[in-house]
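Coordinates in review
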Amino acid sequence: TDLSHIRNFSIVAHIDHGKSTLADRLIQMTGTVAERDMQEQLLDSMDIERERGITIKANSVRIEYPAKDGETYILNLIDTPGHVDFAYEVSRSMRAVEGSLLVVDATQGVEAQTLANVYTAIEADHEIVPVLNKIDLPASEPERIAEQIEDVIGIDATDACLISAKTGVGIPDVLEAIVTRLPAPTGDRDAPLKAMLVDSWYDPYLGVVVMIRVMDGVIRKGDQILMMQTGAKYGVDKLAVLRPKMQDIAELGPGEIGILTASIKQVRDTRVGDTITHQKKPCDTPLPGFKPSQPVVFCGLFPVDNAEFEDLRTAIEKLALNDASFTYEMETSAALGFGFRCGFLGLLHLEVIRDRIEREYDIELITTAPSVIYQIHMRDGTEIELHNPADMPDPADIDHIDEPRIKATIMVPDEYLGDVLKLCQDRRGIQEDLTYAGSRAMAVYDLPLNEVVFDFYDRLKSVTKGYASFDYQLSGYRTDNLVKMSVLVNEEPVDALSMMVHRDRAEMRGRAMCEKLKELIPRHMFKIPIQAAIGGRVIARETLSAMRKDVTAKCYGGDATRKKKLLEKQKAGKKKMRQFGRVEIPQEAFINALKME
Ligand code: GDP
Ligand code: MG
């Protein structure tokens with residue numbers, strides 16, 4: 001195809017502002033999919049995405065559009081993941097296209113993820129067309145929101161498209177704007193092949209499918225290709241475009257987007273952002289800025305029922321095949337038995353994987369306290385990356401500890417601002433900026449990631465009744481006074497509950513933890529001390545008093561069947577308990593004890 005007749009774009013939006021609905025309308029109005037095959041949220045293929053309304057994996061669709069100028073254009077839409085955990089993937093897929101539609105809900109206005117995503121688009125040098133959605137709703141204020149876009153983002157919104165993705169109003173204008181306002185791609189057909197690996201996923205019939213954007217040169221079926229970062233070599237088995245069903249194609253030239261298969265064994269073998277070229281006549285330099293995504297949040301996943309360990313292994317191995325950014329290694333815990341220490345891109349990623357294991361593989365899990373990566377600088381000059389508080393070296397050998405920090409952007413209606421500032425302050429946040437746009441405030445904070453991985457989202461949601469929006473990016477490491485806090489139940493350390501905390505917050509955390517556990521652990525026949533400690537020093541303590549009587553005592557010695565029944569009932573209740581020395585701890589205690597405040 002002639003480059004001047006191609007337009008590549010993505011849609012950026014805050015969650016729920018209508019990205020998927022708009023994509024559906026664009027596909028529908030151009031007749032890309034027959035009316036009878038039309039289903040909602042066509043591009044969001046995974047169940048879990050649909051249920052949660054988030055798009056996790058990028059996907060794409062090729063649309064043919066006969067424009068008002070009488071020419072037919074090929075429009076390639078790449079759907080990018082909308083969540084902060086996948087920021088790296090978003091920034092890569094943005095580099096595969098030249099423009100973005102910026103969708104803003106005209107009843108809500110600019111939100112934190114609107115900003116984060118539009119800045120990524122601006123960084124990728126995109127031309128941006130603002131689109132104000134939901135104008136069918138009486139509460140919509142397109143003029144005010146257009147002004148807000150100009151004030152807050154600083155892009156011209158006078159020619160914003162006013163649409164209702166739901167009813168279809170304004171969609172033809174969006175299609176025309178894509179053709180007239182977004183630039184055509186550039187590239188050299190005669191140069192050596194240079195294509196970007198935009199995304200990859202596992203297809204049960206085809207195996208690993210790789211989405212590519214050709215920059216220069218031409219790729220054909222049967223070509224011998226090289227992935228420049230991983231060094232892996234393959235032969236192209238299949239070349240196709242997505243409409244959104246796969247349609248085989250003979251070749252893909254500059255500016256084009258499509259998929260290939262090449263007998264690649266697992267998704268882990270492919271790296272988003274890698275450069276694909278020909279083995280025989282490779283390009284000189286790979287695409288700039290490649291970095292593999294690294295997990296930043298770690299936690300232990302243990303089966304509630306130890307007998308399910310092998311099932312859990314199978315589930316984790318299968319999920320990892322399809323997700324290069326999810327890491328795992330076996331872990332044993334005195335408290336929880338055999339499990340896995342897993343690494344994730346962020347909390348949402350953690351939640352998605354945990355949910356899939358529980359749902360798709362039907363394994364009940366205990367998740368230990370999430371931890372970030374600490375850089376431990378030892379006195380002897382060596383450096384350790386700590387992923388698990390259980391591996392903390394002797395504090396006497398440590399010179400100092402660095403922890404990861406984030407730059408967080410929070411947008412919130414004025415009336416909740418006070419509570420949000422307090423929350424950030426309580427979490428060791430440092431305010432960097434505070435500005436107002438209409439009745440909403442935007443606060444920018446420098447926060448330790450460790451304070452965010454616990455329950456920051458939940459707290460933020462509850463103090464703002466769900467009206468705040470939040471986004472963050474990692475900003476670097478900083479030295480701070482961090483210690484490992486252990487929890488002891490009846491003098492036995494419960495490793496699954498140990499965590500890294502700031503020294504100034506240790507007493508508070510320790511006290512809260514002991515109080516929680518006191519409520520969560522059932523009484524026993526004896527007194528149980530519950531303690532939080534740093535090194536050998538106890539910093540908080542509660543005592544769970546003994547049960548007054550044996551529950552079977554009131555059954556009068558004689559009634560054996562009744563006594564037996566009662567014991568059986570107790571036993572059934574015990575299934576979900578874990579034995580610690582002489583103490584039994586219910587599994588909910590592990591989950592609930594980690595929810596602070
Ligand atoms: P996404 O998270 O950005 O992909 O948002 P969705 O496309 O899933 O839309 C979020 C919700 O807003 C859904 O319930 C849609 O039906 C609804 N929605 C999307 N566009 C419109 C619109 O133009 N008008 C109205 N009234 N609702 C819309
Ligand atoms: Mg969506």
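Just so you know, these numbers come straight off a predicted model, no measurement behind them.

Comments concerning the pattern of salt bridges
When the charged atoms of two side chains with opposite charge come close together, those side chains can pair. Taken as a whole and assessed by the stated rule, the structure comprises 23 salt bridges. Linking Asp355 and Arg359 is a salt bridge whose minimum nitrogen-to-oxygen distance equals 4.0 Å. Placement of both Asp355 and Arg359 in helix α8 (residues 347-360) is noted, with a separation of four residues, approximately one turn of the helix. Classification of Arg359 as partly exposed rests on a relative accessible area of 43%. Between Glu451 and Arg505 there is a salt bridge, with its nearest N and O atoms 3.1 Å apart. You can see Glu451 sitting in helix α10 (residues 449-452) and its partner Arg505 sitting in helix α12 (residues 503-520), a full 54 residues away along the chain. The residues Glu451 and Arg505 share a single accessibility class, namely buried. One salt-bridge network, held together by shared partners, links Glu403, Arg428, Glu451, Asp480, Arg505 and Arg509.

Examining the nonpolar core
Ile357, Phe456, Phe470, Leu517, Ile585 and Phe590 are the most contacted members of the largest nonpolar core, which has 88 residues in total. Apart from the residues lying within four places of it in its own chain, the contact partners of Ile357 are Leu301, Leu312, Ala315, Ile316, Leu319, Asp362, Ile363 and Leu365. By size, the runner-up hydrophobic cluster in this structure holds 29 residues, among which are Leu75, Leu101, Val103 and Leu182.

Brief notes about the sheet that holds strand β5 (residues 127-133)
The six strands are arranged β2-β3-β1-β4-β5-β6 in an open sheet whose pairing can be described as mixed. Here the strands that pair on one side only, and so sit at the sheet edges, are β2 (59-66) and β6 (161-162). As defined by bridge partners, β2 adjoins strand β3 (residues 72-79) across eight bridges and the pair is classed as antiparallel. Opposite Ser60, over in β3, you have Ile78 as the bridge partner.

Here's the deal with the sheet that holds strand β13 (residues 246-248)
Strand order across the open sheet formed by eight strands is β11-β10-β16-β7-β8-β15-β12-β13, with antiparallel pairing between neighbours. Two strands close off the open sheet at either side, each with one partner strand: β11 (233-235) and β13. The sheet shows a mean angle of 40° between the axes of neighbouring strands, taken without regard to direction. Judged from the three bridges that link them, strand β12 (residues 238-242) and β13 form a sheet pairing that is antiparallel. In the strand pairing of β13, Ala240 is matched with Asp248.

What about the UniProt feature "binding site: GTP" (unreviewed entry) in the protein chain?
Feature annotation in UniProt assigns "binding site: GTP" (unreviewed entry) to the following positions: Asp16, His17, Gly18, Lys19, Ser20, Thr21, Asn133, Lys134, Ile135 and Asp136. In this structure, His17 sits in the loop between β1 (6-13) and α1 (19-29). His17 sits in the buried class, given a relative accessible area of 3%. With near-sequence residues (within four places) excluded, His17 lies in contact with Val103, Val104, Asp105, Gln108, Gly109, Glu111, Thr114, Asn133 and Lys134. For Asn133, the position within the fold is in strand β5. Those residues in contact with Asn133 that lie beyond four places of it in its chain are His17, Gly18, Val103, Val104, Asp105, Ala106, Ile163, Ser164 and Ala165.

A look at empty space enclosed by the protein
Rolled over the atoms, a probe sized like a water molecule indicates the empty space that remains. A full pass over the atoms with the stated rule returns five cavities of 30 Å³ or more. For the largest cavity, the calculated volume is near 110 Å³. Lining of the largest cavity is provided by Phe302, Glu331, Ser333, Arg341, Thr368, Ala369, Asn388, Pro389, Ala390, Asp495, Ala496 and Ser498. Here the lining of the largest cavity is composed, by residue class, of five nonpolar, four polar and three charged. Counted as a void, the second largest cavity has a volume near 60 Å³. Lining of the second largest cavity is provided by Ala369, Pro370, Ser371, Val372, Tyr374, Pro389, Asn450, Val453, Phe454, Ser498, Met499 and Met500. Contributing elements (two or more residues each) for the lining of the second largest cavity: β21 (371-372) and β30 (499-502). Of the residues belonging to the lining of the second largest cavity, the class tally is nine nonpolar, three polar and no charged.

Things to note about the pairing of strand β32 (residues 537-544)
Strand direction decides the pairing type here: strand β31 (residues 528-534) and β32, joined by seven bridges, are antiparallel. Paired with Ile534 across the two strands is Arg537, which belongs to β32. Here β31 folds back onto β32, and the loop between the two strands holds two residues, one of which, Gly535, carries a positive phi near 60°.

What counts and how
In this convention, every chain numbers its residues from 1, walking through the sequence in written order. Following the order in which they are written, the chains are lettered starting with A and the ligands numbered starting with 1. Given that this is a predicted model, residues contribute local features only at a pLDDT of at least 70 and side-chain atom pairs are listed and counted only at 80 or more, while totals for whole chains, interfaces and linings are drawn from all residues. The side-chain numbers reported here are obtained from all heavy atoms of the structure, hydrogens and water having been left aside. By salt bridge we mean one thing: a side-chain nitrogen of Lys or Arg within 4 Å of a carboxyl oxygen of Asp or Glu. Elements are defined by DSSP. Helices are runs of H or I of four residues or more, strands are runs of E of two residues or more, and each kind is numbered from the N terminus. Throughout this description, buried means an accessible area under 20% of the type-specific maximum (1.4 Å probe, protein chains only), exposed means over 50%, and partly exposed covers the range between. Buried Ala, Val, Leu, Ile, Met, Phe, Trp, Tyr and Cys residues form a nonpolar core when they are joined through side-chain atoms within 4.5 Å. Whether two residues are in contact is decided by their heavy atoms, any of which lying within 4.5 Å being enough. When DSSP finds two or more bridges between two strands, those strands count as paired. Note on definitions: angles span 0 to 180 degrees between N-to-C directions of axes, and those axes are lines fitted to C-alpha atoms, for helices only across the stretch in contact. UniProt positions are given in the numbering used here, feature names are shortened, and annotations may be inferred rather than shown by experiment. Cavity: a set of points on a 1 Å grid over the protein atoms alone where a 1.4 Å probe fits but cannot get out. Pocket: an open set with protein on both sides within 12 Å along at least five of seven lines, its lining residues, like those of a cavity, having an atom within 4 Å of a point. Grid points are joined across faces, edges and corners, and a volume is the space filled by probe spheres set on the points. In this classification, Asp, Glu, Lys and Arg are treated as charged, Ala, Val, Leu, Ile, Met, Phe, Trp, Tyr, Cys and Pro as nonpolar, and every other residue, Gly included, as polar.

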